[in-house]
Amino acid sequence: MLTNISWANYILVVVLLAASWYLFVGFRFFFAELKDLVTGKKKFSIRSFPQVQLNVDYLEAPNGIPSSLNEKQTDKAFQDVEDLVEKLKNLVADALQKKLPKKEFMYYLSLVLNEFPTVKNSPFRSSICELVVSECDKLELIHVTQQELDVLWDV
């Protein structure tokens, strides 16, 4: 019985069923838009990615470092980030050892974060926040969220 159906007939039936399904969905849910397209009230637009204008002062070099910053500034920024990471890891270790309450830990954390104002407005801020959250999750005594850290940065 099924040997009498050829592949061409099978494909034709599947294509007709799919086309009728998409026509049904189009008319059922998008009738107003289709009507506007047919009558010419609305033009068919193909969406593309938005065009980004590059700021000439702030072009990134191939290594991802902004070219507007000189080497001394980038070295200082990286050194600040490394120092901040080291202090944060020491703070978390001390908090675990001394079993600090969350309020006291947050106070010390805000002091450490405020020591590095250059990192506050840098692209490394989100990475530092993720580091603090992950280190605090290791403690299991103190849970810090991204929102709490954003408040501490802005204090």
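Residues numbered from 1 in each chain as written. Predicted model: local features only at pLDDT ≥ 70, side-chain atom pairs only at ≥ 80, totals over all residues. Heavy atoms only, no water.

Enquirer: An account of the packing of aromatic side chains is requested, with residue identities and associated values reported.
Expert: A full pass over the atoms with the stated rule returns 3 aromatic pairs. Aromatic pair Trp 7 and Tyr 10: ring centres 5.8 Å apart, planes at 90 degrees, arrangement edge-to-face. Taken together, the residues Trp 7 and Tyr 10, both in helix H1 (residues 7–29) and 3 residues apart, mark about one turn of the helix. Residue Trp 7 is classed as exposed on the basis of its relative accessible area of 68%. According to the relative accessible area criterion, Tyr 10 is partly exposed, its value standing at 47%. For the pair Trp 21 and Phe 24, a centre-to-centre distance of 5.7 Å together with 35 degrees between the ring planes defines the contact as tilted. Taken together, the positions of Trp 21 and Phe 24, both in helix H1 and 3 residues apart, correspond to about one turn of that helix. A cation over a ring is seen here: Arg 28 above Phe 29, with NZ or CZ 5.5 Å from the ring centre. (Phe/Tyr/Trp six-rings, centres within 6.5 Å; stacked < 30°, edge-to-face > 60°. Helix = DSSP H or I, 4+ residues; strand = E, 2+ residues; numbered from the N terminus. Buried < 20%, exposed > 50% of the residue type's maximum accessible area, 1.4 Å probe, protein only. Lys NZ or Arg CZ within 6 Å of the ring centre and 35° of its normal.)

Enquirer: I'd like a description of the confidence of the model for the protein, backed by residues and values.
Expert: Averaged over every residue, the pLDDT of the protein is 78; the share at 70 or more is 77%. H1 holds the highest mean pLDDT among the elements of the protein, 94, whereas helix H5 (residues 117–120) holds the lowest, 78. Confidence drops under a pLDDT of 50 for residues 54–60, and excluding neighbours within four residues, the segment shows 11 contacts in the predicted structure. (pLDDT = per-residue confidence, 0-100. Contact = heavy atoms within 4.5 Å.)

Enquirer: Explain the packing of helix H4 (residues 102–114) against helix H7 (residues 146–154) to me, using residue names and the numbers behind them.
Expert: Where H4 meets H7, the closest approach of the two axes is 9 Å, and the angle between their N-to-C directions is 50 degrees. Overall, the two elements H4 and H7 adopt an arrangement that is oblique. Between H4 and H7 lies a crossing of right-handed hand. The segment H4 lies against H7, with Lys 102, Met 106, Leu 109, Ser 110, Leu 113 and Asn 114 engaging Glu 148, Leu 149, Leu 152 and Trp 153. Residue composition of the contact of H4 with H7, by class: 6 nonpolar, 2 polar and 2 charged. (Axes fitted to C-alpha atoms, helices over the stretch in contact; angles between N-to-C directions. Parallel < 35°, antiparallel > 145°, perpendicular 65-115°, else oblique. Left-handed = near helix turned anticlockwise from the far one by under 90°. Nonpolar A, V, L, I, M, F, W, Y, C, P; charged D, E, K, R; others polar.)

Enquirer: Please give an account of the pattern of salt bridges that cites residues and values.
Expert: All told, the structure shown has 2 salt bridges when counted by the stated rule. The salt bridge involving Lys 87 is made with Glu 115; its shortest N-O contact spans 2.6 Å. In this pair, Lys 87 is assigned in helix H3 (residues 71–98) and Glu 115 in the loop between H4 and H5, connecting sequence segments 28 residues apart. On the basis of relative accessible area, Lys 87 is assigned to the partly exposed category, the value being 37%. Assessed through its relative accessible area of 42%, Glu 115 is described here as partly exposed. Glu 148 is paired through a salt bridge with Lys 102; the nearest N and O atoms lie 3.0 Å apart. Highlighted residues: Glu 148 in helix H7 and Lys 102 in helix H4, separated in sequence by 46 residues. (Salt bridge = Lys/Arg side-chain N within 4 Å of Asp/Glu carboxyl O.)

Enquirer: So what's going on with the environment of Phe 78? Residues and values would help.
Expert: Structurally, the position occupied by Phe 78 is in helix H3. Residue Phe 78 is classed as partly exposed on the basis of its relative accessible area, which comes to 35%. When the C-alpha atoms of Phe 78 and Val 119 are compared, they prove to be 9.1 Å apart, with 41 residues separating the residues in sequence.

Enquirer: A description of the nonpolar core should follow, citing residues and the corresponding values.
Expert: With 24 residues, the main nonpolar core has Leu 84, Leu 88, Phe 105, Leu 109 and Leu 149 as its most contacted residues. Where this core is concerned, the elements lending two or more residues are H3, H4, helix H6 (125–139) and H7. In terms of residues, this core owes the most to one element, H3, which gives 6 residues. Not counting residues up to four positions away in its chain, the partners in contact with Leu 88 are Leu 109, Val 112, Leu 113, Ile 128 and Val 132. (Core = buried A, V, L, I, M, F, W, Y, C linked by side-chain atoms within 4.5 Å.)

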